[in-house]
Every structure is written in structure tokens, then in C-alpha cells.
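Residues per chain, in single letters:
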Amino acid sequence: MSTVTHVPETVGLDGSDAPETARRTGYGKLFSNAFIRLRYADGFSFARSLAFQVVLAVIPGIIFIVALAARLGEGQLRSMVAAVIESLTPKPAAEMFLQVFQQGAAAGSGGNLTAIIVGGVAMLVGAVTAMAQLQRGASRIYGVDSDRPTFERYGLATVLTLTAGTLIGVAFVLTAIGAGLNPYFEDELLAVWRWVRWPLGLAILPIAFGFLFKAAPNRRQPTVSWLAVGGAVAVILWFAVSVLLAFYLNASGSFGDTYGPLAGVIGFMLWAQLSAIAIFYGLAVAAELEAARAGVCEPRQDESVDGAREVVPA
């Protein structure tokens, strides 16, 4: 059972109400109550589970892409993936990832179609399971203890993977690791790419997070414009995590020296963990904003708090 107060469903909300509600509540109180809601909804545990599933999806995904490119004879794509790996990770980790990369290329070049299919299935299963975990955590943040039926939950998870998940992956490539693609642009396009990738990545993220925040919780959500405050918080935190961690991994020789070949794995797991926390905290901000609009003052469930689950008109 959730230990946070239930957020009543409030009909008729739109984006014009959100800034006024936030100002009336106070941004300091809103953000601190959102942290309390995240904590007592067991959001950090859900974030760990989500991060674990993301890792299980991305690593097989890299192997799948490399093997498929090798089978199709796309040498340029393989070279681009290798360049991204080398630009993102410290040298000891890059060597380990490149070994995995070479294994995928060998599997594809050797015509091992079964290995390619298995890698693709592993990537898809990991991603869909991650989105199912996101649904469960999002519901608990809103104080909803019931999950969708199994087929409905995983069907929605598949849709979220193919839509929002793909957009988030594109945004990460553009912002955090886009510099690794610099050698593959002509001189006249390189300057354009260096500047365009940042606003383009930031433009994609609100769309992805808006879709996630609207669809993930097992309740009737307000409009995407109302959820934009929580989405903006998630975008800012995710962007900061992605860029700063990539910069640290590239700039810090001590990280690679300390962890050796495990540096890349640890760095990627750290990114996945912090990114998951950013997403869940953004959801907590959106939930707390709606709770404040409905007159629910305390994020933590208490005997003195009425847990009635009514629909509150706007």
C-alpha cells in the first residue's frame, strides 16, 4: 500500500491554471513536498528498478544495432557507433565496450541471424519491462495502489517504448553523445550540427515526457499543458544529468583509473539511476501540483488526512 496521500482526479484543468497554483502554493513548498511524495511513494526503489531494466535494454540494443548493421553491410553506421562509444567512455571502459561491439559485428558479419534476433528481442523485452515499471511507480506517486490488468499494462508499455522511449533515446544521442558524431559531418555542416543538436534534443524531451506523464499513471490525468510544470522539471534534471555525467566521464581520468574496465558500466548505470530519479521526481512535482489544486496539503498519508478518492471539479 502507498504511504502517500491520494491525488483526487480533477477535471477541467489546463495549463493556464498550473502557474497560478504553483505561485499560490509556493515553489519551495511544491518542490519539497514533491520530494517527500517521491520518497514515501518508494520512488527511489522504483527508480532503481527502472534503471536496471534500462541497462538490460540498452546494452543488448547496442549489440543488436551493430550486428544488424554488419549483416546489412552498413560499415558507416558501425563506424559511427564505435566513435560514439570511444567519445563517451573513459579509455579502459571504451576498450571493453569495443570488444562487445566487435563481438556484435562478428555475429552480424558471420550471418548469425538467430543471434541478431535474440539481441533484438532482449532489447525490446528490457525496454517494455522498463515502461511497465514506470507505470507502476507513477501510479504509486499519485497514491494509486492498483495496477492495470497485465495485458493492458504491457500493451501500453510497448506503445510507450516505441514512442516516448524512442524519442528519449534520440534526445540522448543528440545532447549527451552527439559530439561523437562530429567526424561524420562535412565541414560546412559541422558548425550547424554542433549548435542545432542542443535545441533539437531539448525540443524532443518535453514531447516524450509529456506523453509519459499523461499515459503512465493508472488514473485519468489532466491535460498535457497542466503536466508541463512537472515535465519541465524532469527535462531540466535529465538534461543536467546526461550532459554533466558525459562531461565528467570524458574529463576525469581518475574515474577510469579507479574502476578500470568497469568504468563505462558503472558510469552508464549511474546515468540510468539518476535519469530515472529525474523522471519520477518530475512526476512527483506534477502530482503534488494537482494535489495542491485539490486542497490536499500533505503529501504523506496520515490518519488525519481524508483519503477519499473523489473527482474534484476545476
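Model, not experiment: these values are computed from the prediction.

**Some details on the overall build of the protein**
For step 1, the next point in the chain: Each helix and strand in the protein was counted, giving 11 helices and 2 strands.
For step 2, the next point in the chain: Ordered by position from N to C terminus, the α and β elements of the protein give β-α-α-α-α-α-α-α-α-α-α-α-β.
For step 3, the next point in the chain: Counting only residues that meet the buried cut, the protein has 46% of its 314 residues in that class.
For step 4, the next point in the chain: When the accessible surface of the protein is split by element, carbon and sulfur atoms take 66% of a total near 14,800 Å².

**Topic: helix α1 (residues 17–25)**
For step 1, the next point in the chain: Taken as a whole, α1 has its buried residues at Ala18, Thr21 and Ala22. For α1, the buried positions fall inside an angular range of 100° around the axis, keeping them on one side. Of the exposed residues in α1, the ones pointing more than 90 degrees away from its buried face are Arg23 and Arg24.
For step 2, the next point in the chain: Immediately downstream of α1, the backbone of Gly26 shows phi near 95°, a positive value.

**As for empty space enclosed by the protein**
For step 1, the next point in the chain: One pass over the structure, following the stated rule, counts 2 cavities of 30 Å³ or more.
For step 2, the next point in the chain: In this structure, the second largest cavity spans a volume of roughly 30 Å³.
For step 3, the next point in the chain: Around the second largest cavity sit Gln135, Arg136, Ser139, Asp147, Arg148, Arg153 and Asn218, which together line it.
For step 4, the next point in the chain: The element best represented in the lining of the second largest cavity is helix α6 (residues 113–141), accounting for 3 residues.

**So, the packing of aromatic side chains**
For step 1, the next point in the chain: The final tally for this structure, using the stated rule, is 4 aromatic pairs.
For step 2, the next point in the chain: Here Phe35 and Phe44 contribute two aromatic rings whose centre-to-centre distance is 5.9 Å and whose plane-to-plane angle is 65°, an arrangement assigned as edge-to-face.
For step 3, the next point in the chain: You can call Phe35 partly exposed: its relative accessible area is 42%.
For step 4, the next point in the chain: Note on Phe44: relative accessible area 26%, which makes it partly exposed.
For step 5, the next point in the chain: Seen in terms of ring centroids, Trp238 and Trp271 are 6.4 Å apart; in terms of plane orientation they differ by 70°. Their pairing is edge-to-face. Of the two residues, Trp238 sits in helix α9 (residues 228–251) while Trp271 sits in helix α11 (residues 263–293), which places them 33 residues apart along the sequence.
For step 6, the next point in the chain: Residue classification places Trp271 among the buried residues on the basis of a relative accessible area of 11%.

**Here's the deal with the side chain of Thr5**
For step 1, the next point in the chain: By the element assignment, Thr5 lies in the segment before β1 (9–11).
For step 2, the next point in the chain: By relative accessible area, which is 2% here, Thr5 ends up buried.
For step 3, the next point in the chain: Polar side-chain contacts of Thr5 include one of 2.8 Å to the backbone oxygen of Glu298.

**Points about a nonpolar patch on the surface**
For step 1, the next point in the chain: Taken together, the side chains of Ile117, Val121 and Val125 present a nonpolar region at the surface, about 260 Å² in accessible area.
For step 2, the next point in the chain: Residue placement: Ile117 occurs in helix α6.

**Thoughts on the confidence of the model for the protein**
For step 1, the next point in the chain: Mean pLDDT over the protein stands at 78; residues scoring 70 or higher make up 68%.
For step 2, the next point in the chain: This model gives residues 303–309 a pLDDT under 50, and the stretch forms 8 contacts once residues within four places in sequence are excluded.

**Things to note about the environment of Thr129**
For step 1, the next point in the chain: Position of Thr129 among the secondary structure elements: in helix α6.
For step 2, the next point in the chain: For the pair formed by Thr129 and Ala157, sequence separation is 28 residues and the distance between their alpha carbons is 7.2 Å.

**Regarding unusual backbone geometry**
For step 1, the next point in the chain: The phi torsion at Asp42 lies on the positive side, around 65°, for a residue other than glycine.
For step 2, the next point in the chain: Assignment of secondary structure puts Asp42 in the loop between α2 (27–40) and α3 (43–72).
For step 3, the next point in the chain: Given a relative accessible area of 41%, Asp42 falls into the partly exposed group.

**A short note on the pattern of salt bridges**
For step 1, the next point in the chain: Following the criterion strictly, the structure yields 8 salt bridges and no others.
For step 2, the next point in the chain: Across the salt bridge formed by Arg24 and Glu20, the nearest N and O atoms sit 3.9 Å from each other. One end of the pair is Arg24 and the other is Glu20, both in helix α1 and 4 residues apart, which spans about a single turn.
For step 3, the next point in the chain: For Asp147, the salt bridge goes to Arg140, with nearest N and O atoms at 3.0 Å.

**Focus: α2**
For an α-helix the count is 3.6 residues per turn, leaving residues at separations of three or four pointing the same way.
For step 1, the next point in the chain: End to end, α2 covers 20 Å across 14 residues, agreeing with the expected 20 Å (1.5 Å per residue, within 8%).
For step 2, the next point in the chain: Those residues of α2 not exposed but buried are Leu30, Asn33, Ala34, Arg37 and Leu38. Take α2 and look down its axis: the buried residues cluster within an arc of 145°, on one side only.
For step 3, the next point in the chain: Immediately downstream of α2, the backbone of Asp42 shows phi near 65°, a positive value.

About the criteria used
Residues numbered from 1 in each chain as written. Predicted model: local features only at pLDDT ≥ 70, side-chain atom pairs only at ≥ 80, totals over all residues. Heavy atoms only, no water. Helix = DSSP H or I, 4+ residues; strand = E, 2+ residues; numbered from the N terminus. Buried < 20%, exposed > 50% of the residue type's maximum accessible area, 1.4 Å probe, protein only. Areas by Shrake-Rupley, 256 points an atom, 1.4 Å probe, with all protein chains shown as cover. Arc of directions from axis to C-beta. 1 Å grid on protein atoms, 1.4 Å probe; cavity = no way out; pocket = protein on both sides within 12 Å on 5 of 7 lines; lining within 4 Å. Points joined across faces, edges and corners; volume = space filled by probe spheres on them. Phe/Tyr/Trp six-rings, centres within 6.5 Å; stacked < 30°, edge-to-face > 60°. Polar contact = N/O pair within 3.5 Å; in protein donor to acceptor, adjacent residues only side chain to side chain. Patch = residues over 30% accessible without salt bridge, like charges linked within 9 Å, V, L, I, M, F, W, Y side chains within 5 Å. Salt bridge = Lys/Arg side-chain N within 4 Å of Asp/Glu carboxyl O. pLDDT = per-residue confidence, 0-100. Contact = heavy atoms within 4.5 Å. Expected span 1.5 Å × (residues − 1).

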